[in-house]
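Listed below, chain by chain, are the residues.
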Amino acid sequence: MNGTNGVKAKPVITGEEALHIESAYHGYPDTETGRTKRVLTNIDLLSESGEFICLVGPSGCGKSTLLRLITGQERVQQAKHFDVFSRPVGFPDKQRGVVFQQYTLLPNLTVAKNVRLGLEFQADLHDLWRPKWRREANLITMKYLERMRLADAANKYPQELSGGMRQRVAIAQTLVTIDMFGMPKVLCMDEPFGALDPGTREDMQVLISQLWEEHKMTVIFVTHDLEEAVFLSSRLLVLSQYWTSDQDDGSKLSGSRIVMDIPLDKHAMSTEVKKTAEFGALMKQVLDTGFNPNHRRHVAEFNLEHPKSFQSLSLEEDHLNGTFHERDIVT
Ligand SMILES: Nc1ncnc2c1ncn2[C@@H]1O[C@H](COP(=O)(O)OP(=O)(O)O)[C@@H](O)[C@H]1O
Ligand SMILES: [Mg+2]
């Protein structure tokens, strides 16, 4: 730790990382002041391929924003690095798959056809007409409709379904492509289980864990449900606007930082683990670290236990040192 800013040194970059985010800043215009309101401040994140990363944090801290930057739906304003598998994030591409909170279901297609659509989007054009491909696509579609307990609704239309069912259809759309194509390499999900009832939600948590084990993909999963996060993640990130530094007593609302980054053993395939004392203690620790506006951690006291976590100098210090070059910035 460095007394001036609690800088934790950057590990060696191998080039194999799924994510390499360094000194990333993002914000939006504030209509009242006409200035930029910073949402994300000095985000550093180095991730090995194959991690199940859960991102939690208080409402409005910028979880969805960070996810949109990773999927390329939005461009980061400033960063030394913002790379997915060594390539700067540009536009959405096939390597990244996204399940949005909003449903992308077409009203004029049945549930089964909506799910199949996920496959058709990813397929080579000439495959679409091959009987063998079509049979396989139908089989996988039916398999996931069953796994998501939607088989009875296969021939219904989206408007005939409840919110939770529609959400399951949207998730099935993504899962079929993972099954058939072994992709995306990075799966980004923004509160995908938000509209599900508790029982179905636990089933989905177990299902997504199994798929992650089977396909060794990198998952970045945003949730506001701490229990879900602790259960699912192999790495838990807490993003929070509640922090202080020597330069900032927390009153300036300078945007959110990663205040906690810890590795977790992900051997729990039964939701029974949620009842253990250890599980409860971890949830409490997360709450204390990132969710209490009256108890802000100093940047030097963030809980960055994960071996790949690091902290860059702040933008202000970096400019003073002359180490932040405009040419490094992805815009
Ligand atoms: N497109 C946008 N324009 C202006 N402000 C935005 C935009 N998107 C998000 N924000 C603001 O950025 C902050 C973080 O939002 P968001 O990433 O949605 O938070 P979270 O997902 O953690 O709840 C909020 O204050 C929100 O109002
Ligand atoms: Mg959000």
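About the criteria used
- Residues numbered from 1 in each chain as written.
- Chains lettered and ligands numbered in written order.
- Predicted model: local features only at pLDDT ≥ 70, side-chain atom pairs only at ≥ 80, totals over all residues.
- Heavy atoms only, no water.
- 1 Å grid on protein atoms, 1.4 Å probe; cavity = no way out; pocket = protein on both sides within 12 Å on 5 of 7 lines; lining within 4 Å.
- Points joined across faces, edges and corners; volume = space filled by probe spheres on them.
- Helix = DSSP H or I, 4+ residues; strand = E, 2+ residues; numbered from the N terminus.
- Buried < 20%, exposed > 50% of the residue type's maximum accessible area, 1.4 Å probe, protein only.
- Polar contact = N/O pair within 3.5 Å; in protein donor to acceptor, adjacent residues only side chain to side chain.
- Contact = heavy atoms within 4.5 Å.
- Near = heavy atom within 4 Å.
- Areas by Shrake-Rupley, 256 points an atom, 1.4 Å probe, with all protein chains shown as cover.
- Salt bridge = Lys/Arg side-chain N within 4 Å of Asp/Glu carboxyl O.
- Nonpolar A, V, L, I, M, F, W, Y, C, P; charged D, E, K, R; others polar.
- Core = buried A, V, L, I, M, F, W, Y, C linked by side-chain atoms within 4.5 Å.
- Expected span 1.5 Å × (residues − 1).
- Pairing = 2+ DSSP bridges.
- Axes fitted to C-alpha atoms, helices over the stretch in contact; angles between N-to-C directions.

### Some thoughts on the layout of surface pockets
Reported here for the largest pocket is a volume of approximately 740 Å³. Lining the largest pocket are 30 residues, with Arg 38, Lys 252, Leu 253, Ser 254 and Gly 255 positioned closest to its centre. Elements with a contribution of two residues or more to the lining of the largest pocket: strand S1 (19–29), strand S2 (36–47) and helix H8 (315–321). Top element by residues in the lining of the largest pocket is S2. It accounts for five residues.

### Side note on unusual backbone geometry
Most peptide bonds are trans, and most residues other than glycine sit at a negative phi. In the Ramachandran plot, Ser 23 falls in the positive-phi region, its phi being about 50° despite a non-glycine side chain. If you trace the backbone, Ser 23 turns up in strand S1. In this structure Ser 23 comes out as buried when scored by relative accessible area, which is 1%. One non-glycine residue, Asn 42, adopts positive backbone phi at about 50°. Here Asn 42 shows up in strand S2. Residue classification places Asn 42 among the buried positions, given a relative accessible area of 4%.

### Considering the side chain of Lys 308
On the secondary structure map, Lys 308 appears in the loop between strand S12 (297–298) and H8. Taking relative accessible area as the criterion, Lys 308 reaches 17% and is therefore assigned buried. Here Glu 48 takes part through its side chain, which lies 3.0 Å from a polar atom of the side chain of Lys 308. With residues near it in sequence (within four places) discarded, Lys 308 still touches Pro 11, Val 12, Leu 46, Glu 48 and Arg 235.

### Thoughts on the site of ligand 1
In the vicinity of ligand 1, the residues found are Tyr 28, Lys 37, Val 39, Ser 59, Gly 60, Cys 61, Gly 62, Lys 63, Ser 64, Thr 65 and Arg 68. Contact between ligand 1 and Gly 60: an oxygen atom at 2.8 Å from a main-chain N or O atom of the residue. Here an oxygen atom of ligand 1 and a side-chain polar atom of Ser 64 are 2.8 Å apart. Relative to its unbound accessible area of 560 Å², ligand 1 is 60% covered by the protein chains. At the level of secondary structure, the elements contributing two or more residues to the shell around ligand 1 comprise S2 and helix H1 (63–71). Per element, the largest residue contribution to the shell around ligand 1 is four residues, and it comes from H1.

### Focus on the pattern of salt bridges
Summed over the entire model, instances satisfying the criterion amount to 15 salt bridges. One salt bridge connects Lys 143 with Asp 179, and the closest N-O pair in it is separated by 2.8 Å. Placement of Lys 143 in helix H3 (residues 131–147) and of Asp 179 in helix H4 (residues 163–181) is noted, with a sequence separation of 36 residues between them. Because the salt bridges share partners, they merge into one network encompassing Glu 51, Arg 235 and Asp 261.

### Some details on empty space enclosed by the protein
In total, this model carries two cavities of 30 Å³ or more according to the counting rule given. Approximately 70 Å³ is the volume attributed to the largest cavity. Looking at the largest cavity, the residues that line it are Asn 42, Ile 43, Asp 44, Arg 257, Ile 258, Asp 261, Phe 302, Leu 304, Ser 309, Phe 310 and Gln 311. Sorting the residues of the lining of the largest cavity by element identifies S2 and strand S11 (257–263) as the ones contributing at least two each. Class assignment for the residues of the lining of the largest cavity results in five nonpolar, three polar and three charged.

### Notes on the nonpolar core
If you look at the biggest cluster of nonpolar residues, it comprises 86 residues, and the most contacted ones within it are Ile 70, Phe 82, Leu 175 and Leu 236. Considering every element that reaches this core, the biggest residue donor is H4, with seven residues.

### Focus: helix H5 (residues 198–215)
Given a rise of 1.5 Å per residue, 18 residues ought to cover 26 Å, and the 26 Å separating the end C-alpha atoms of H5 matches this to within 8%. Of the surrounding elements, those touching the buried residues of H5 are strand S3 (52–56), H3, H4, strand S7 (186–190), strand S8 (218–222) and helix H6 (226–232).

### Thoughts on the environment of Thr 174
By the element assignment, Thr 174 lies in helix H4. With 59 residues separating them in the primary sequence, Thr 174 and Val 115 have C-alpha atoms 8.1 Å apart.

### Focus: the sheet that holds S1
Pairing within the open sheet is antiparallel, and its four strands lie in the order S2-S1-S4-S5. Because the sheet does not close on itself, it has two edges, and the strands there are S2 and strand S5 (87–88). One ladder, built from four bridges, connects S1 with strand S4 (residues 81–84); its direction is antiparallel. What sits directly across from Leu 19, in S4, is Val 84. Packing of H1 onto the sheet brings it into contact with S1, S2 and S4, and relative to S1 it is tilted by some 120°.

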